[in-house]
Amino acid sequence: MNNSSKLKRVLEGGGFAVTAECGPPKGANSDVVLKKAETLRNKVDAVNVTDNQTAIVRMSSIAACSLLKTAGLDPVLQMVVRDRNRIALQSDILGASALGIRNVLCLSGDHHIFGNQPQAMGVFDLDSIQFVQVVRTMRDEGKILGGDDLSQPPDLFIGAAANPFADPLDFRVIRLAKKIRAGADFIQTQCIYNLDRFERWMGMARDRGLPDKVYILGGITPLKSPSMAKYMKNKVSGMDIPDEIIKRMEGVPKDKQREEGIKICVETIQRLREIPGIKGIHVMAIEWEEVVGEIVERAGLLPRPVFD
Amino acid sequence: MITGEQKPIDEIMEMIAPYKRILVLGCASCVAECAAGGEKETAMLASTLRIAAKMRREDILIEEKTLDRQCVRDFVIPLDDIIEKYDAVLSLACGAGVQAVAEIFPEVPIIPALNTEFLGETRDQGYWVESCLGCGDCMLYHFGGICPLARCSKQLLNGPCGGSMDGRCEINPDVECAWHLIVDRLTKFGALDRLENIYPPKDWSRKQGGGPRKIVREDQQK
């Protein structure tokens, strides 16, 4: 079995990549992770595993990634700088590579005030851009921070996040450029509902030639109901959900709302595929992983490529 | 300045409960500026404690005094003449002042009446904000005079994060996004290109690498 990143092979082969998100359980049960793995098998190229998202304590991302890897999927290890200092982060990068994990997504992380441990000490020893640079140096130069040599460098496809909907807009593209310069191979964006703003951001990125230097995957989250849309608009930081999306969800009967949410996703994917520089999608179906296959199929993105 | 706020009165009463002769000791510097431990606040706290003792019909001596600075040895030493009268000192200084008094008078229990908060500025009447971490290696030049370590909730040196909306921080709309301020300020100076650089990881050894820090200046010593 080839042990390289499937995500990397799809993207480098010029394919339109599909990734999905898998949230680990609030417990030690491996069966929950393995069940989600079966739901996503053959529907996506790689599976992101979130790292204590919204600062709620869950099974560690590395452990859940290892379970997915053993089940034959290509995991993307999400790592936030909120909970670990530079010693722990570098150590976990080496451990992840040793476990056969081949993709990492370097993030700041949701602030701990939102989670179930608001009394925690936030670490933030590195920021996400510095972290990308550290992993890149470990991989390409075989060195850790400070210059010590590694006996074997980690083998990782390096990702970072971008939020085209946060402020200040003009600076968002400068920050994307910094992430690429730091060493990001791929970018996964915040959920896209405001396509006009997203296209503006992509236009600014193209003006700087950024899509030629990095693979950009657009974020997709299916809405289950108008109340979920409103909650995300008002309570989740960095979200931009236009009123017409909320009205559209409100305009259908309750038993058709999930179908409407799926339709919005499929339409969004069609429009994203038209945008020059978009190389794939990242589906974040929050605790609704079973819908990913349907969205991907209806968007015409099945079957997924198979490698030896 | 160092800011502080008075502890809840119940917590103070619990800490002083074992003592019968208490000196309530104010500090006329930083904590006076932030209206927590100056002469006025010291008088008010002493008076509150006296009334409470009277209500409980307890015979407790509570007296007050305010020093110019509790964190400077020369200002504390004169207490030597009166300290014997008391079996405890309730200090309204910052944590540094409390410890300086405790160091000079090791035989007397020194009880803190304030929670020391942060290094900050008085922005308006009754309004203080944190602005410095005391990191030991000032980076304000790079960031247009706004410190991302003290004022960004995630201490990003390459911000802003994806939670910045309308100039507000994701943790609370009352909190300004330090990075929004930095971007605005550097744009005004025509120096936004400074932020194209990737700022390397902070050298925290200047803050905590050698354990508790000290400054030794031989030119200032006798």
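All figures in this text were calculated on a predicted structure; none of them were measured in a lab. (Residues numbered from 1 in each chain as written. Chains lettered and ligands numbered in written order. Predicted model: local features only at pLDDT ≥ 70, side-chain atom pairs only at ≥ 80, totals over all residues. Heavy atoms only, no water.)

**Here we look at the sheet that holds strand E2 (residues 46-49) of chain A**
- The parallel closed barrel is built from eight strands, whose spatial order is E1-E2-E3-E4-E5-E6-E7-E8 (chain A). Adjacent strand axes in the sheet meet at a mean angle of 30° when their direction is disregarded. (Pairing = 2+ DSSP bridges. Helix = DSSP H or I, 4+ residues; strand = E, 2+ residues; numbered from the N terminus. Axes fitted to C-alpha atoms, helices over the stretch in contact; angles between N-to-C directions.)

**Some points on the pattern of salt bridges**
- Evaluated as defined, the whole model comprises 36 salt bridges over all chains.
- In this structure, Lys85(B) and Glu63(B) form a salt bridge, with 2.7 Å as the shortest nitrogen-oxygen distance. With a gap of 22 residues between them, Lys85(B) in the loop between helix H4 (73-76) and strand E4 (88-91) and Glu63(B) in strand E3 (residues 61-67) connect regions that are remote in the sequence.
- A salt bridge links Glu121(B) to Arg123(B); the nearest nitrogen and oxygen atoms lie 3.5 Å apart.
- Residue class for Glu121(B) comes out partly exposed when judged on its relative accessible area of 31%.
- Members of the salt-bridge network, linked through shared partners, are Arg136(A), Arg139(A), Asp140(A) and Asp185(A). (Salt bridge = Lys/Arg side-chain N within 4 Å of Asp/Glu carboxyl O. Buried < 20%, exposed > 50% of the residue type's maximum accessible area, 1.4 Å probe, protein only.)

**Notes on a negative patch on the surface**
- On the surface, Asp80(B), Asp81(B), Glu84(B) and Glu107(B) cluster together to form a negatively charged patch.
- Tracing the backbone shows Asp81(B) in the loop between H4 and E4. (Patch = residues over 30% accessible without salt bridge, like charges linked within 9 Å, V, L, I, M, F, W, Y side chains within 5 Å. Areas by Shrake-Rupley, 256 points an atom, 1.4 Å probe, with all protein chains shown as cover. Lys, Arg positive; Asp, Glu negative; His and termini not counted. Charge placed at Lys NZ, Arg CZ, Asp CG, Glu CD.)

**Topic: the interface of chain B and chain A**
- With 28 residues of chain B at the contact, the number on the chain A side is 32 residues.
- Approximately 2500 Å² of surface area, both sides summed, lies buried where chain B meets chain A, with 55% of it carried by carbon and sulfur atoms.
- The largest share of the area that chain B buries against chain A comes from Glu196(B), Ile198(B) and Pro201(B), three residues that together contribute 24% of it.
- Our enumeration of links across chain B and chain A arrives at two salt bridges.
- One salt bridge connects Arg208(A) with Glu196(B), and the closest N-O pair in it is separated by 2.8 Å.
- At the junction of chain B and chain A, the tally comes to 21 residue pairs in polar contact (both at pLDDT 80 or more). (Contact = heavy atoms within 4.5 Å. Buried area = accessible area lost by both parts, 1.4 Å probe. Polar contact = N/O pair within 3.5 Å; in protein donor to acceptor, adjacent residues only side chain to side chain.)

**Brief notes about the side chain of Ser97(A)**
All names here are of chain A.
- On the secondary structure map, Ser97 appears in helix H4 (residues 86-98).
- By relative accessible area, Ser97 is classed as buried at 10%.
- Each residue touching Ser97, except ones within four places of it in the same chain, is listed here: Arg102, Pro154 and Asp155.

**Quick look at unusual backbone geometry**
- For the bond running from Asp167(A) to Pro168(A), omega is -15°, close enough to zero to count as cis.
- Within the secondary structure, Pro168(A) is located in the loop between strand E5 (157-162) and helix H6 (169-182).
- The omega torsion of the bond from Leu302(A) to Pro303(A) falls at -5°, within 30 degrees of zero and hence cis.
- As for its placement among the helices and strands, Pro303(A) is situated in the segment after helix H11 (292-298).
- Phi angles above zero are rare outside glycine, and Asp166(B) is one such case at about 50°.
- Tracing the chain through its elements places Asp166(B) in the loop between helix H6 (148-151) and strand E8 (168-169).

**What about helix H8 (residues 226-235) of chain A?**
All names here are of chain A.
- For H8, the complete set of buried residues consists of Pro226, Met228, Ala229 and Met232. Mapping the buried residues of H8 onto a view down its axis gives an arc of 165°, with all of them on the same face. Residues of H8 that are exposed and angled more than 90 degrees away from the buried face: Ser227, Tyr231, Asn234 and Lys235.
- Along its buried surface, H8 packs onto strand E6 (186-191), helix H9 (243-250) and helix H10 (257-274). (Arc of directions from axis to C-beta.)

**A word on the sheet that holds E4(B)**
Residue and element names in this part refer to chain B.
- Taken together, the four strands give an open sheet; going across it, the order is E3-E2-E4-E5, and neighbouring strands pair in parallel fashion. Of all the strands in the sheet, just E3 and strand E5 (110-112) have a single pairing partner and so form its edges. Across the sheet, the mean angle from the axis of one strand to that of its neighbour is 25°, orientation sign disregarded.
- With seven bridges joining them, strand E2 (residues 21-27) and E3 adopt parallel strand pairing. Bridge assignment links Val24 to a residue of E3, and that residue is Glu64.
- Along the sheet, helix H1 (residues 9-16) contacts E2, E4 and E5; its crossing angle with E5, the most-contacted strand, is approximately 165°.
- Relative to E3, helix H3 (residues 39-55) is tilted by about 175°, and along the sheet it contacts E2, E3 and E4.

**Things to note about the side chain of His111(A)**
- By the element assignment, His111(A) lies in the loop between strand E4 (103-107) and helix H5 (128-141).
- According to the relative accessible area criterion, His111(A) is buried, its value standing at 8%.
- Look past the residues within four positions of His111(A) in its chain and what remains in contact with it is Ala55(A), Arg82(A), Phe124(A), Ser153(B), Lys154(B), Glu170(B) and Ile171(B).

**With respect to the confidence of the model for chain B**
- For chain B, the average pLDDT comes to 96, and 100% of its residues sit at 70 or higher.
- If you check the scores for this complex, the pTM reads 0.96 and the ipTM reads 0.93. (pLDDT = per-residue confidence, 0-100.)

**Concerning the packing of aromatic side chains**
- Taken as a whole and assessed by the stated rule, the structure comprises six aromatic pairs over all chains.
- Geometrically, the ring pair formed by Phe143(B) and Tyr199(B) is tilted, given 4.8 Å between the ring centres and 55° between the ring planes. Of this pair, Phe143(B) sits in the loop between strand E7 (127-132) and H6 while Tyr199(B) sits in the loop between helix H7 (178-188) and helix H8 (205-209); the two residues are 56 residues apart in sequence, bridging distant segments of the chain. In this pair, the class of Phe143(B) matches that of Tyr199(B), namely buried.
- Members of the aromatic cluster, connected to one another through ring pairs, are Phe157(A), Phe186(A) and Tyr215(A). (Phe/Tyr/Trp six-rings, centres within 6.5 Å; stacked < 30°, edge-to-face > 60°.)

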